[in-house]
Amino acid sequence: MIIGVWVLWLIALFIWSLLIGGIDRKIVAHLQGRYGPPFWQDITDFLKLFRKRGKTATRSSSIVSDVALIVGIIAVVVGLSILPMPTVGGYTQLLSTSGDLIILAYVFALLAIVYVLIGFGGKSPYTMVGASREVSMLLSYEIPFILVIVAMGYRAILLTGLPVSTIFSIAGFLVLKQKMALLLLDPIFLGSFLVLLILGPAIVGAVPFDIPEAETEIVDGYGAEMHGPRLGVLFGIKHMKLLLYAYFLWTIFLSPVTSNIWLNIIMTLLGTLLMVLVIYTVPRAVSGRFRVEQGAKFYLLGPGLASIVLLLLSLI
Amino acid sequence: MGYKFPLGPYHPAFEEGEYIELELEGEMVADAEIKIGFIHRAVEKSATKRTFIKDLGLVERTCGICSFHHSWAYCLAVEKAAGLEIPERAEYIRVLTAELERIHSHLMYLGAMAHKMGFDTLFMFTWSGREAVMDMLELLSGNRVNYAMNTIGGVRRDIDENIADQIRAAMNTLEDLTLKLKDTWTKDASTLARTKNVGVVTQKEAHLLGVVGPTARGCGIREDLRKTATYSVYSSLNFELIVLDDGDVWSRTFVRVLEALESIKIIRQVLDKIPQGPIKNPKTVLKIQPNDTIGRVEAPRGELMYHLITDGTDRPARLKIRTPTLINLPASEHMLRGANLADAPIIVGHIDPCMSCMDR
């Protein structure tokens, strides 16, 4: 029963991720003085890609890209199975285990590696450069990301007294949220939230850190050789990665826990949209793209140092 | 180990067909070679098959952005060969159209640069503001791109007080827009990060490379035909020669922002000073005695030169067009060497290359 409901929730979230993509495009268009496409445009685009004939460039490796896409789909499914689903009486995780927060962190890294594999499988100069840029960006944002997760975990231990194995799990944070009215009132959690917001554009590939794709430099980078149904799957994975990160931020820091299932569903959907606006829509509307070394330097010196400070403070 | 990286011939950062073969080491450009000729249309040869007046329509279509300057340089060469005097009112209307075209070109360039940097909001903001100048060109000539304003011996369309007032109002709008752009290009972190200290060329190197137009002026070279080899009525108008010394992509871009402001100043003066009188020399030019003349104008991208040889017939014996892009493009190769791959489209794009002009 629960698996059936979860599958429905998964499908609903996938459609929502495509709708969020359309809403983002509409909002950016209005900010730029344009009308923009209809908000269901990403659904149309997704379906259209599956109607196209799949074709692989002569030197590209379709096996590598197919394996990468399957890994990407699995990573998305695992990520969503860890994040709690709104149910009667609160939220329920399909997969709940000690340290699942760490697994979720690895899901984001794995999705970045999927892009790297797709890039190296493409074997064109554009895809190869895109893949190497993705690796550079991954190294620069992954360190602060993991440090912040650890800092949050240690802070939670201090506040709740729960064992380490419990607190590095989503369930542990749900317990903590029931104890604290608003997690963001705590300075460590507030700092962690801000660092995770700043890391957002790089993790989800938004301007100014869409460096591995950089259309006007490397013609969409790692995905340059993808088209037809394969591009459709990649398109879906990118949307789900964005939704996954927004869902993660919303669930950990902001989502209020109520017993009304419909209220929980609506708040989850609107909450993810709000997070997408903050980490994806606004940055790409107000800034240009940075170079890869500028991006890496920014993340290592800004969020990188901030995450070390947060970790040290959480240990005190 | 190095590898080849193709930019073009069809690339999202470039509006036209151009091919730059980069030799990369990691993401550093070790060597660059720019290949041209993708948009060759045999304009020069075609010009020798048409009469002088029919060539106007041809040369104007050499470029979609600086079409007026092409026809102006051509007219200057033909008028000089035929010994035609131009009425003063026609000269003022030519300057008016040329400066409107310069604003249009510079705003288009600034938007395209923002797009290359991935700053699409600035791109859209700049191009939506550019509509005001496009509207004025349409009001003046009936066309948004190829204006067909010039004719041998003057201009084809006059302006009245109503048009002048509308242009004055549009200049206020454009001034506000350009001042906002000035603010953005001096304060925005991402534009500064992507253009400051990128593609640096010293004044001495720029002299050796022979660059022209805003590309030269952004390297500290005081060169603008409107000032240094003045023509038409520019000598009677008060405007500054914009020169910046940094020699990087930012300074060569920012020169254009300041020049757009100077063009607005020029247009206001033209509208105030324009004398009454005819707009065209009534003498009709059919055949021109053997002659060898040059028409030079300061187009938005730099010095544009038309070399005309006549042989006593009603059509040119030879017409040679030298465009600013052809002169500036080798400098891009120089700037690309040692640059980052991410900066390559910006470095090539910041000289405002017009491949249609260059390939002719």
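Above: the structure in question.
The structure displayed is predicted, hence computed values, not measured ones. (Residues numbered from 1 in each chain as written. Chains lettered and ligands numbered in written order. Predicted model: local features only at pLDDT ≥ 70, side-chain atom pairs only at ≥ 80, totals over all residues. Heavy atoms only, no water.)

When helices and strands are tallied, chain B shows 14 helices and 8 strands. In terms of principal-axis extent, the alpha carbons of chain B reach across some 65 × 45 × 35 Å. Counting across all 360 residues of chain B, residues that qualify as buried make up 62%. Intrachain contacts of chain B at a sequence separation of at least 6 include 70% that bridge at least 24 residues. Carbon and sulfur atoms make up 52% of the accessible area of chain B, which totals about 13,000 Å². Measuring between centres, the 44 positive side-chain charges of chain B sit 5 Å from its 49 negative side-chain charges. (Helix = DSSP H or I, 4+ residues; strand = E, 2+ residues; numbered from the N terminus. Buried < 20%, exposed > 50% of the residue type's maximum accessible area, 1.4 Å probe, protein only. Contact = heavy atoms within 4.5 Å. Areas by Shrake-Rupley, 256 points an atom, 1.4 Å probe, with all protein chains shown as cover. Lys, Arg positive; Asp, Glu negative; His and termini not counted. Charge placed at Lys NZ, Arg CZ, Asp CG, Glu CD.)

In this section: the interface of chain B and chain A. If you look at the interface, chain B gives 29 residues, while chain A gives 24 residues. For the pairing of chain B and chain A, the buried interface totals around 2,100 Å² over both sides, and the portion due to carbon and sulfur atoms is 55%. Our count for the chain B to chain A interface comes out at 3 salt bridges. B:R194 serves as the salt-bridge partner of A:E217, at 3.3 Å between the closest nitrogen and oxygen. Summed over the shared surface of chain B and chain A, the number is 13 residue pairs in polar contact (both at pLDDT 80 or more). Going through the elements one at a time, strand 1 (3-7), helix 4 (88-116), helix 5 (120-141) and helix 7 (189-195) of chain B are the ones with two or more residues in the side of chain B that touches chain A. A per-element tally of the side of chain B that touches chain A places strand 1 of chain B first, with 5 residues. Classifying every residue of the side of chain B that touches chain A by side-chain character gives 15 nonpolar, 7 polar and 7 charged. (Buried area = accessible area lost by both parts, 1.4 Å probe. Salt bridge = Lys/Arg side-chain N within 4 Å of Asp/Glu carboxyl O. Polar contact = N/O pair within 3.5 Å; in protein donor to acceptor, adjacent residues only side chain to side chain. Nonpolar A, V, L, I, M, F, W, Y, C, P; charged D, E, K, R; others polar.)

Residue and element names in this part refer to chain B. Read across the sheet, 3 strands follow the order 6-7-8 without closing on themselves; strand pairing throughout is antiparallel. Because the sheet does not close on itself, it has two edges, and the strands there are strand 6 (291-299) and strand 8 (318-322). The sheet shows a mean angle of 10 degrees between the axes of neighbouring strands, taken without regard to direction. Both strand 7 (residues 302-310) and strand 8 contribute to a ladder of 5 bridges, which runs antiparallel. Of the residues in strand 8, the one forming a bridge with L308 is L319. (Pairing = 2+ DSSP bridges. Axes fitted to C-alpha atoms, helices over the stretch in contact; angles between N-to-C directions.)

With that out of the way, let us pick up the side chain of A:S124. Residue and element names in this part refer to chain A. One can find S124 in the loop between helix 4 (100-122) and helix 5 (125-160). Take S124: its relative accessible area is 2%, and that puts it in the buried class. Once you skip the residues sitting within four places of it in the chain, S124 turns out to touch R59 and E225.

Before going further, it helps to spend a moment on a nonpolar patch on the surface. Residue and element names in this part refer to chain A. Taken together, I2, I3, V7, L8, I11 and I15 make up a surface patch of nonpolar side chains, about 530 Å² in accessible area. Tracing the backbone shows I15 in helix 1 (residues 2-31). What makes I15 partly exposed here is its relative accessible area of 40%. (Patch = residues over 30% accessible without salt bridge, like charges linked within 9 Å, V, L, I, M, F, W, Y side chains within 5 Å.)

Another point: the layout of surface pockets. All names here are of chain A. Put simply, the largest pocket is a space of about 1,300 Å³. In this structure, the largest pocket is lined by 46 residues; those nearest its centre are E213, E215, D220, Y280 and R284. The dominant element in the lining of the largest pocket, judged by the number of residues it contributes, is helix 10 (residues 228-254), at 7 residues. Class assignment for the residues of the lining of the largest pocket results in 23 nonpolar, 8 polar and 15 charged. (1 Å grid on protein atoms, 1.4 Å probe; cavity = no way out; pocket = protein on both sides within 12 Å on 5 of 7 lines; lining within 4 Å. Points joined across faces, edges and corners; volume = space filled by probe spheres on them.)

Here the focus is the environment of B:C357. Residues and elements named next belong to chain B. Looking at the element boundaries, C357 is found in helix 14 (residues 355-359). Note on C357: relative accessible area 2%, which makes it buried. Through-space distance from the C-alpha of C357 to that of I65 is 9.3 Å; in sequence the pair is 292 residues apart. With sequence-adjacent residues up to four places away left out, C357 is seen in contact with R41, T62, C63, C66, H70 and T323.

A few words on the nonpolar core. Ranked by internal contacts, the top residues of the largest apolar core, which has 120 residues, are B:L22 and B:W185. When near neighbours in sequence (up to four residues on either side) are disregarded, B:L22 contacts B:Y3, B:K4, B:F5, B:L7, B:V29, B:D31, B:A32, B:L336, B:L341 and B:A344. One finds A:W16, A:I170, A:F248 and A:M267 within the second-largest nonpolar core, a separate group that totals 85 residues. (Core = buried A, V, L, I, M, F, W, Y, C linked by side-chain atoms within 4.5 Å.)

All names here are of chain A. Under the definition given, this model contains 1 cavity of 30 Å³ or more. Its boundaries defined by the atoms lining it, the largest cavity holds a volume of some 100 Å³. Forming the walls of the largest cavity are 13 residues, and the residues nearest its centre are T56, S65, E225, M226 and R230. Of all the secondary structure elements, the ones that give two or more residues to the lining of the largest cavity are helix 3 (62-82) and helix 4.

All names here are of chain B. Reading across the sheet, the 3 strands line up as 1-2-3 and stay open at both edges, with antiparallel pairing between neighbours. At either margin of the open sheet sits one strand with a lone partner, and together these are strand 1 and strand 3 (28-35). Across the sheet, the mean angle separating the axes of adjacent strands is 25 degrees when strand polarity is ignored. Across 5 bridges, the pairing between strand 1 and strand 2 (residues 19-25) is antiparallel. Each bridged residue has a counterpart across the sheet, and for Y3 the counterpart in strand 2 is L24. Along the sheet face, helix 12 (residues 324-336) touches strand 2 and strand 3 and points at about 165 degrees away from the line of strand 3.

Our next topic: helix 5 of chain B. Think of an α-helix as turning once every 3.6 residues; residues three or four places apart then point the same way. Its 22 residues place the ends of helix 5 of chain B 31 Å apart at the C-alpha level, agreeing with the 32 Å of an ideal helix rising 1.5 Å per residue. A positive backbone phi angle near 90 degrees is found at B:G142, which sits one or two residues after helix 5 of chain B. (Expected span 1.5 Å × (residues − 1).)

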